[in-house]
Amino acid sequence: MAGTVIVKDVVIGEGMPKICVPLVGATAEELVREAEELLTLGADVAEWRIDFFEEAENLEAVLSALGGIREAIPGIPLIFTFRSAREGGEREISNEYYAKLNRAAAESGMVDLIDVELFAGDDIVAPLIEWAHEHGVRVVVSNHDFHKTPSKEEIVARLRKMQELGGDLPKIAVMPLHAGDVLTLLDATRIMNEQFADRPIITMSMAGKGMISRLAGELFGSALTFGSAKKASAPGQLPVAELRGLLELMHQNL
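Keep in mind it's a predicted model, so treat the numbers as computed, not measured.

1. Here's the deal with unusual backbone geometry
The phi angle at Lys-8 is positive, at roughly 55°, despite the residue not being glycine. With respect to the helices, strands and loops of the structure, Lys-8 is situated in the loop between β1 (5-7) and β2 (10-12). The backbone phi angle of Ala-207 is positive, close to 65°, even though this residue is not glycine. Topologically, Ala-207 is positioned in the loop between β9 (202-205) and α7 (211-215).

2. Describing the nonpolar core
Formed by 67 residues in total, the largest nonpolar core has its most connected members in Trp-48, Phe-80, Leu-101 and Ile-114. Those residues within four positions of Leu-101 in sequence are excluded, and the remaining contacts are Ile-50, Ala-56, Leu-59, Val-62, Phe-80, Phe-82 and Ile-93. In this structure, Val-10, Ile-12, Leu-169 and Ile-202 belong to the second largest nonpolar core, which totals 18 residues.

3. Overview of the UniProt feature "binding site: 3-dehydroquinate" (unreviewed entry) in the chain
In this structure's numbering, the residues bearing the UniProt feature "binding site: 3-dehydroquinate" (unreviewed entry) are Glu-47, Trp-48, Arg-49, Arg-83, Arg-214, Ser-233 and Gln-237. Structurally, Glu-47 can be placed in strand β4 (residues 45-49). Its relative accessible area of 2% is what places Glu-47 among the buried residues. Ignoring any residue separated from it by four or fewer positions in sequence, one finds Glu-47 in contact with Cys-20, Val-21, Pro-22, Leu-23, Leu-78, Ile-79, Thr-81, Arg-83, Asp-115 and Phe-226. Relative to the elements of secondary structure, Arg-214 occurs in helix α7.

4. A short note on the side chain of Thr-81
Among the secondary structure elements, Thr-81 is positioned in strand β5 (residues 78-81). Once residues within four sequence positions are removed from consideration, Thr-81 is found in contact with Glu-47, Trp-48, Arg-49, Ile-50, Asp-51 and Asp-115.

5. Brief notes about the pattern of salt bridges
Throughout the structure, instances matching the rule amount to 16 salt bridges. Here Asp-112 ties to Arg-70 by a salt bridge, and the two come within 2.9 Å at their closest N and O atoms. Here Asp-112, found in the loop between α3 (95-108) and β6 (113-117), pairs with Arg-70, found in helix α2 (residues 59-72); they are 42 residues apart in sequence, far enough to count as distant. Judged by its relative accessible area of 12%, Arg-70 falls in the buried class.

6. Here's the deal with the packing of aromatic side chains
Applying the stated criterion across every chain yields a total of two aromatic pairs. When the ring of Trp-48 is compared with that of Phe-53, the centres are 5.5 Å apart and the planes differ by 70°; the resulting orientation is edge-to-face. For the residue pair Trp-48 and Phe-53, the accessibility class agrees, reading buried in each case. Aromatic pair Trp-48 and Phe-80: ring centres 5.9 Å apart, planes at 85°, arrangement edge-to-face. Residue Trp-48 is located in strand β4, and its partner Phe-80 is located in strand β5; the two are separated by 32 residues in the primary sequence. Of the aromatic side chains, those joined through ring pairs into one cluster are Trp-48, Phe-53 and Phe-80. The positively charged end of Arg-103 is found above the aromatic ring belonging to Trp-131, 3.7 Å away from the centroid. Above the plane of the ring of Phe-196 lies Arg-160, whose end atom (NZ or CZ) is 3.9 Å from the centre.

7. Points about the sheet that holds β5
Taken in spatial order, the nine strands make up an open sheet running β9-β8-β7-β6-β5-β4-β3-β10-β11, and their pairing is parallel. On the outer flanks of this sheet lie β9 and β11 (238-239), each paired with one strand and no other. Note that β4 and β5 share four bridges and pair parallel. Bridged to Glu-47 within β5 is Ile-79.

8. So, the UniProt feature "active site" (unreviewed entry) in the chain
Mapped onto this numbering, the UniProt entry annotates "active site" (unreviewed entry) at His-144 and Lys-171. These annotated residues cover 28 residues of sequence, and their C-alpha atoms lie no more than 8.4 Å from one another, placing them together at a single site. One can find His-144 in strand β7 (residues 138-145). Under the relative-accessibility criterion, His-144 is labelled buried at 9%. Every residue in contact with His-144, bar those within four places of it in the chain, is listed here: Arg-83, Glu-87, Lys-171 and Ala-173. Relative to the elements of secondary structure, Lys-171 occurs in strand β8 (residues 169-174). Contacts of Lys-171, omitting those with residues within four sequence positions, involve Arg-83, Asp-115, Val-140, Val-141, Ser-142, Asn-143, His-144, Leu-159, Met-162, Ile-202, Met-204 and Phe-226.

Analysis parameters
Residues numbered from 1 in each chain as written. Predicted model: local features only at pLDDT ≥ 70, side-chain atom pairs only at ≥ 80, totals over all residues. Heavy atoms only, no water. Helix = DSSP H or I, 4+ residues; strand = E, 2+ residues; numbered from the N terminus. Core = buried A, V, L, I, M, F, W, Y, C linked by side-chain atoms within 4.5 Å. Buried < 20%, exposed > 50% of the residue type's maximum accessible area, 1.4 Å probe, protein only. Contact = heavy atoms within 4.5 Å. UniProt positions renumbered as here; feature names shortened; annotations may be inferred. Salt bridge = Lys/Arg side-chain N within 4 Å of Asp/Glu carboxyl O. Phe/Tyr/Trp six-rings, centres within 6.5 Å; stacked < 30°, edge-to-face > 60°. Lys NZ or Arg CZ within 6 Å of the ring centre and 35° of its normal. Pairing = 2+ DSSP bridges.

Structure (structure tokens):
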């Protein structure tokens, strides 16, 4: 059975799935406005999607924008995420800059978690996890398949590898082509949670077909879900207020 991860005052892996809201502004000014709006939405966690930022390849500009976000939401756990185009993000960068970007974020003292893509390669993932942990930063190790849903066995295998590498929050998001794919994701989540996980996991089936997976985490074992403020960062995200109401309804009846 999975344990918990505590970030600031947020306990991930206990009770209702926590709600993470992505920040997707293109400029530093837009990002600060988005961050300030989070305070009225009741988000549990924020995620800065750097790949949406127009100066993503300027490390100095990234760290400056990060400072503005952190100042706006000092009490909300913040995930630092550059999502590559191959996993549904807005752009690609070199492996060297990807590692440099995440190392700089981890040592900045301004983020609580970094997101590292599993398929960036063990030679990048393992050192980044070690670096982050040395600087008191937790790590989401993630994988996103925007084309299909892998087999149940493959989903579990990827989540187990993320855990074995030392990721604090293994995460997988997959695209359903039919209703059976949603069931595959949910049952893989259940199996991982009940048989292998010693920490919280995050799973979701994307788009409209997969929306139920964003609501049923407490039952099947996914500890965090993503909701949108104005612009969704992935297909199937619900507005935060609607999402919280549905999660509370599920929680009250379990």
